Amino acid sequence: MYRQNRLRKNEEFQMIFKKGKSVANRQFVIYSLPKEGQDSFRVGVSVSKKMGNAVVRNRLRRLIKESIRLRADEVKSNVDFIVICRLPAVELEFDAFQGSLYHCMRKAKLFSSIHKEEGK
């Protein structure tokens, strides 16, 4: 995922937590906030220390970022969102992990209507 697509500052995270809307499933929580005039989406990833040691947490972050990168062309460009990983996600294989993340992203309406879901 490209550098311009990342949320980094604590103030940006707090703004999305306070003003954004959240959706969740068993493995993920997504907070999203529309931002007009933005040419690309931005994403922040949060993985708690409860998930495991640094190796496990970094692996989860990489899986989330890679899953989003694979469908980046379908994500709305005028939105900032935060993906929070929950404990059940640690045990999932990559395909199930992706499916669960995409399910949560669909619930949050992060995919543009131009690219309709076609059996994914």
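The rules we used
- Every residue gets a number counted from 1 within its own chain, in the order that chain's sequence is written.
- Note on the predicted model: pLDDT of at least 70 is required for a residue's local features to be given, and 80 or more for side-chain atom pairs to be given and counted; whole-chain, interface and lining totals, by contrast, use all residues.
- Note: side-chain values were computed over all heavy atoms of the structure, leaving out hydrogens and water.
- We call a residue buried when its accessible area falls under 20% of the maximum for its residue type, exposed when it is over 50%, and partly exposed in between, using a 1.4 Å probe and counting protein chains only.
- The way it works is that DSSP assigns letters per residue, a run of H or I at least four long becomes a helix, a run of E at least two long becomes a strand, and they are numbered from the N terminus.
- Crossover handedness is defined here as right-handed if the route from the first strand over the helix to the second strand goes clockwise, with the strands pointing away from the viewer.
- Pairs of residues are marked as contacts when any of their non-hydrogen atoms sit within 4.5 Å.
- Take the buried Ala, Val, Leu, Ile, Met, Phe, Trp, Tyr and Cys residues and link them wherever side-chain atoms come within 4.5 Å; each set so joined is a nonpolar core.
- Any Phe, Tyr or Trp ring, taking Trp's six-membered ring, that has another such ring centre within 6.5 Å forms a pair; planes under 30 degrees apart are called stacked, those over 60 apart edge-to-face, and the others tilted.
- Should DSSP find at least two bridges between two strands, the strands are taken to pair.
- The span one expects for a helix is its residue count, reduced by one, times 1.5 Å.
- To be clear, the arc concerns the directions from the helix axis to the C-beta atoms.
- Only protein atoms enter the 1 Å grid, on which a cavity is a set of points fitting a 1.4 Å probe that cannot get out and a pocket is an open set with protein on both sides within 12 Å along at least 5 of 7 lines, lining residues being those with an atom within 4 Å of a point.
- Grid points are joined across faces, edges and corners, and a volume is the space filled by probe spheres set on the points.
- Charged means Asp, Glu, Lys or Arg here, nonpolar means Ala, Val, Leu, Ile, Met, Phe, Trp, Tyr, Cys or Pro, and polar covers whatever is left, Gly included.

(A) Representation of the pairing of strand E3 (residues 42–47) in the model. With five of its six residues buried, E3 lies for the most part within the structure. The parallel pair E3 and strand E4 (residues 79–85), bridged by helix H2 (residues 54–70), forms a crossover whose chirality is left-handed.

(B) Up close: the environment of Arg 26. You can see Arg 26 is positioned in the loop between strand E1 (21–24) and strand E2 (28–34). Sequence-distant contacts of Arg 26, that is, excluding residues within four places in its chain, are made with Arg 86 and Pro 88.

(C) Region of the structure containing the nonpolar core. If you look at the biggest cluster of nonpolar residues, it comprises 27 residues, and the most contacted ones within it are Phe 28, Ile 30, Ile 64, Ile 68, Phe 81, Val 83 and Met 105. The element that contributes the greatest number of residues to this core is helix H3 (residues 94–107), accounting for five residues. Ranked by size, the runner-up nonpolar core spans five residues in total, among them Leu 7, Phe 13, Leu 33 and Ile 82.

(D) Structural context of the packing of aromatic side chains. Across all of its chains, the model carries five aromatic pairs by this definition. One aromatic cluster is present, built from ring pairs that chain together Phe 13, Phe 17 and Tyr 31.

(E) Quick look at the pairing of E1. The pairing of E1 with E2 spans four bridges and is antiparallel. Looking at the pairing, Ser 22 lines up with Tyr 31 of E2. Taking the residues between adjacent antiparallel strands as the criterion, E1 and E2 are bridged by three residues.

(F) Highlighting H2. The end-to-end C-alpha distance of H2 is 24 Å, a good match for the 24 Å that 17 residues give at a rise of 1.5 Å each. All of the buried residues in H2 are Arg 57, Leu 60, Leu 63, Ile 64, Ser 67 and Ile 68. Looking straight down H2, one finds that the buried residues subtend no more than 125 degrees of arc, so they occupy a single side. More than 90 degrees from the buried face of H2, the exposed residues found are Val 55 and Arg 62. Buried residues belonging to H2 abut E2, E3, E4 and H3.

(G) Structural context of the layout of surface pockets. Space inside the largest pocket adds up to approximately 230 Å³. In this structure, the largest pocket is lined by 16 residues; those nearest its centre are Lys 21, Ser 32, Leu 33, Pro 34 and Ala 108. By residue number, the principal contributor to the lining of the largest pocket is E2, which donates four residues. Residue classes in the lining of the largest pocket are distributed as seven nonpolar, four polar and five charged.

(H) Summary view of the side chain of Gln 98. Position of Gln 98 among the secondary structure elements: in helix H3. The residues touching Gln 98, leaving out its near neighbours within four places in the chain, are Ser 67 and Leu 70.

Any functional reading would require information that these geometric values do not contain.
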